[in-house]
Every structure is written in C-alpha cells, then in structure tokens.
Amino acid sequence: MEQLIGKIMKQDILNAYGVTIVPANAILTRESLQLMVNHRIDLDSIVIAEHNKPILETTMQIGELVQQTVSVSKELFESILVSRKVPLMEIRNEVLPAILQLSKNPDIFELFEAVKAKDDYVYQHNVGVGVISTLIGRWLNLDDSELSILSLAATLHDVGKVKLPLEVLNKPGKLNEVEFQLIKKHTIYGYELLKGTTGLSLRIARVALQHHEREDGNGYPLGLKKENIDLFSSIVSVADIFHAMSSKRPYHEPLSFHEIVSQMSKGKFGALNPQIISVFIENMMKRLVGRQVMLTDGRAGEVVYLNPHNIETPLIKLADYFLDLSQEREIHIKSVIA
C-alpha cells in the first residue's frame, strides 16, 4: 500500500453500489487507500496515471494544507484594507491552486472536517466555501474554465467583509437590527471592490453581490428571484450555509450532520436552488455507505444501505443488529467519524 501513496488515479474507483469513492486524477493518500480497503477494492487492480507529478506536495496533510491556505488568504485579504485593491494575481497563484487541489480529496468527510472553522471564522470560512463550492461544481460536471471561475468567486464571496468592523463580525451574541443591516452591506461592498478589479470576470463580482439572494425573493440585498440569480451564486449559497452551520461560530456550536442536511432540504435557511441542494445532498449521502457514524443516542455504527425513498435515513449496522433510521424517527446521524 505504501508504494501507492502520492500516485494519481487514472480512473474513478467505484464501490459495490456503483458510488465513486476515489475520483480520477485524485492523489492517493493513506486515508483514500484505506477507504478502498474498507470497500473491499483490490489495490492490485487500480490503474495509476502515467504522469504522476502532483500539483502540491502529497506529504502535506490535508489539515496542514487548509491552515496554510487560510494563513495566506488572511494576509492577502487584510492587505485590501491598506491598498484598497484586490490582490488578484497573488490569490490566483497562492490560494486558488490549493482550493482546486483540496476539492479533489476523495474522502469528502475528512475534507469537511478539515475546512470547518474553529476559531478565525472569517478567513477559514472563505477557504471552506471555496473548497465546498468547487466540490459541488465538480459534481455538476462544470468544465475546467467554469470551475476556476467558480472557485475564485467562492473564495472571494465575502471579500466585502474587510470593510466591516471586527467587533460586529465577531460579536458573540445575536446582532441587533442596526448591526444586521450593516452586515448585509458586505454584499454590495464586495461587488464594488470586485467590479473595479482589472482582469476579473464580472460574474465573480455578481457572486459577491448575490450569494444571500433566495429563489423566493426573500434574500438580500436586491430581493432577486430564481430566474435572476446566477448559477454560481446559487452554488456558493449552498456551500456558504453548509460551512456556516457545520462550523463553530461566536454565537453557536456546530449543528449535527442530520440537522444540517434536514434543514437545508426543508429550506430552513431560505429558498435555495433545488437542483444544487439535490446534487449536494445525494452525492454526500452516497459517500456515507461504508462509513462509521455516531448516532444521536450515543451509539456508533456503519452505514450499509441508503433508503431509496429517503436517502437521509439509511440502514445502520450496529454491533448486534441493523437499525433502519426510516423506522426510528427519534434517532439520527449526529456526525460522521472522519
């Protein structure tokens, strides 16, 4: 197994259910190889790409790469306050390659854990939303040029927050009405900053403006409805909410896996694009098969089968029997054991 670490996959690796567990062009890590072993994949049967030169050093752990990317991103974003210009070349050269590479990580639950914000929320959020949006873009089969635009747009979606006071951004309690109206202005500030940046697609500025719009017209700042919202803005909205709810914030602890999936499905956070929600949740749930999860009653088990009528309530293998979550309405998945 050790000799395969750092190699690049030539083809998708599918498990017995036909679910892709390691995508083509992914760099093999110890974790992805162990995932294949867990799914009973014969390692001798996998096909390695002939040109095996990874974009980034594979010896760097995913968590280290995320933190390094956050540090670089923070430094670049903070420079905007002084220069009043977006350091586009530096972001493209120093942040974007890492965002694109992280999004190829075959173990998405390891990835979600690595990009969760735990302390420096604003800057960890930029990177987390960039990675998750890019992941969704891959699942939507965007081509490479579209994916690059989406990745950059997602990483810059909150750039307008550099103009807001830190005491409001990091307030530990609920915002009052004046503070909330101020926070909402980050969408316009971001649009103005990006619209005036030479060499930047106007679509990227549009994502900064629209990522809090909702399909029913109840979003902000313009109250746009679905036909007027850019697809990339809709993708970033889904990634933005998922990352925010799964991260530690000044005013709330992370929600459980079930709560996030359920509330996003039901539109608790506003009317999101149903196609993107469906693609995101379906791809995420399919990758749960074979994974260990922690249940809300404190027990741990393995997801062995997805309920075709409600993939959010799979069959769980426990130590002594099988638990069907579609029949046990009081028990849910609290977390995925990464």
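Scroll up a little and you will see the structure.
Overview of the structure.

Criteria and thresholds
Residues numbered from 1 in each chain as written. Predicted model: local features only at pLDDT ≥ 70, side-chain atom pairs only at ≥ 80, totals over all residues. Heavy atoms only, no water. Helix = DSSP H or I, 4+ residues; strand = E, 2+ residues; numbered from the N terminus. Buried < 20%, exposed > 50% of the residue type's maximum accessible area, 1.4 Å probe, protein only. Pairing = 2+ DSSP bridges. Axes fitted to C-alpha atoms, helices over the stretch in contact; angles between N-to-C directions. Parallel < 35°, antiparallel > 145°, perpendicular 65-115°, else oblique. Left-handed = near helix turned anticlockwise from the far one by under 90°. Contact = heavy atoms within 4.5 Å. Nonpolar A, V, L, I, M, F, W, Y, C, P; charged D, E, K, R; others polar. Arc of directions from axis to C-beta. Polar contact = N/O pair within 3.5 Å; in protein donor to acceptor, adjacent residues only side chain to side chain. Expected span 1.5 Å × (residues − 1). Core = buried A, V, L, I, M, F, W, Y, C linked by side-chain atoms within 4.5 Å. Domains from an automatic or database assignment.

### Here's the deal with unusual backbone geometry
Part 1: In this structure, Pro221 follows Tyr220 across a cis peptide bond, with omega equal to 10°.
Part 2: Within the element layout of this structure, Pro221 appears in the loop between α11 (202-210) and α12 (231-246).
Part 3: Not every positive phi belongs to a glycine, and Arg40 is a case in point at roughly 60°.
Part 4: Take Arg40: it is sitting in the loop between α1 (30-38) and α2 (62-83).
Part 5: Owing to a relative accessible area of 77%, Arg40 belongs among the exposed residues under this scheme.
Part 6: Unlike most non-glycine residues, Arg84 shows phi in positive territory, near 60°.
Part 7: Mapping Arg84 onto the fold places it in the loop between α2 and α3 (88-94).

### Quick notes on the sheet that holds strand β7 (residues 333-336)
Part 1: If you trace the five strands from one edge of the open sheet to the other, you get β6-β5-β4-β3-β7, paired in antiparallel fashion. The sheet is open, and its two edges are formed by β6 (322-324) and β7, each paired on a single side. Here the average twist between neighbouring strands, direction ignored, is 40°.
Part 2: Across three bridges, the pairing between strand β3 (residues 292-295) and β7 is antiparallel. Bridge pairing in β7 places Leu295 opposite Ile333.

### Quick look at the packing of α2 against helix α5 (residues 108-115)
Part 1: Two elements in contact, α2 and α5, have axes separated by 9 Å at closest approach and are oriented at 40°. Looking at the two axes, α2 sits oblique to α5. Crossing angle aside, the handedness with which α2 passes α5 is right-handed. Along the contact surface, α2 presents Ile62, Gly63 and Val66, while α5 presents Glu110, Leu111, Ala114 and Val115.
Part 2: For the contact of α2 with α5, the residue count by class is five nonpolar, one polar and one charged.

### Quick look at helix α9 (residues 177-184)
For an α-helix, the turn length of 3.6 residues means that residues three or four places apart are oriented alike.
Part 1: Inspection of α9 places Glu179, Ile183 and Lys184 among the buried residues, and these make up the whole buried set. Within α9, the buried residues cover an arc of 140° as seen down the axis, which keeps them to one side. Structural note: α9 exposes Glu177 and Val178 on the side pointing more than 90 degrees away from its buried face.
Part 2: Contacts from the buried residues of α9 go to α8 (166-169) and α10 (186-195).
Part 3: Here α9 starts with a cap whose side-chain oxygen sits 3.1 Å from the backbone nitrogen of Val178, and that cap is Asn176.

### Focus on helix α14 (residues 274-286)
Part 1: Taking 1.5 Å of rise per residue, 13 residues should cover 18 Å, and α14 covers 18 Å from first to last C-alpha, within 8% of that figure.
Part 2: If you check which residues of α14 are buried, you get Ile276, Ile277, Val279, Phe280, Ile281, Asn283, Met284 and Met285.
Part 3: At the N-terminal end of α14, a side-chain oxygen is found 2.9 Å from the backbone nitrogen of Gln275, two or three residues along, and the residue is Asn273.

### Digging into the environment of Leu65
Part 1: Within the element layout of this structure, Leu65 appears in helix α2.
Part 2: When the C-alpha atoms of Leu65 and Ala154 are compared, they prove to be 18 Å apart, with 89 residues separating the residues in sequence.

### Thoughts on the nonpolar core
Part 1: If you look at the biggest cluster of nonpolar residues, it comprises 87 residues, and the most contacted ones within it are Phe112, Ile136, Leu194, Phe257, Phe280, Met284 and Leu288.
Part 2: Composition of this core by domain shows at least three residues from each of domain 2 (62-254) and domain 3 (288-336).
Part 3: For Phe257, the residues in contact, after removing those within four places along its chain, are Phe109, Met284, Met285, Leu288, Ile333, Lys334, Ser335 and Val336.
Part 4: Among the nonpolar cores identified, the runner-up in size contains 13 residues, and Leu4, Ile21, Ala26 and Ile46 belong to it.

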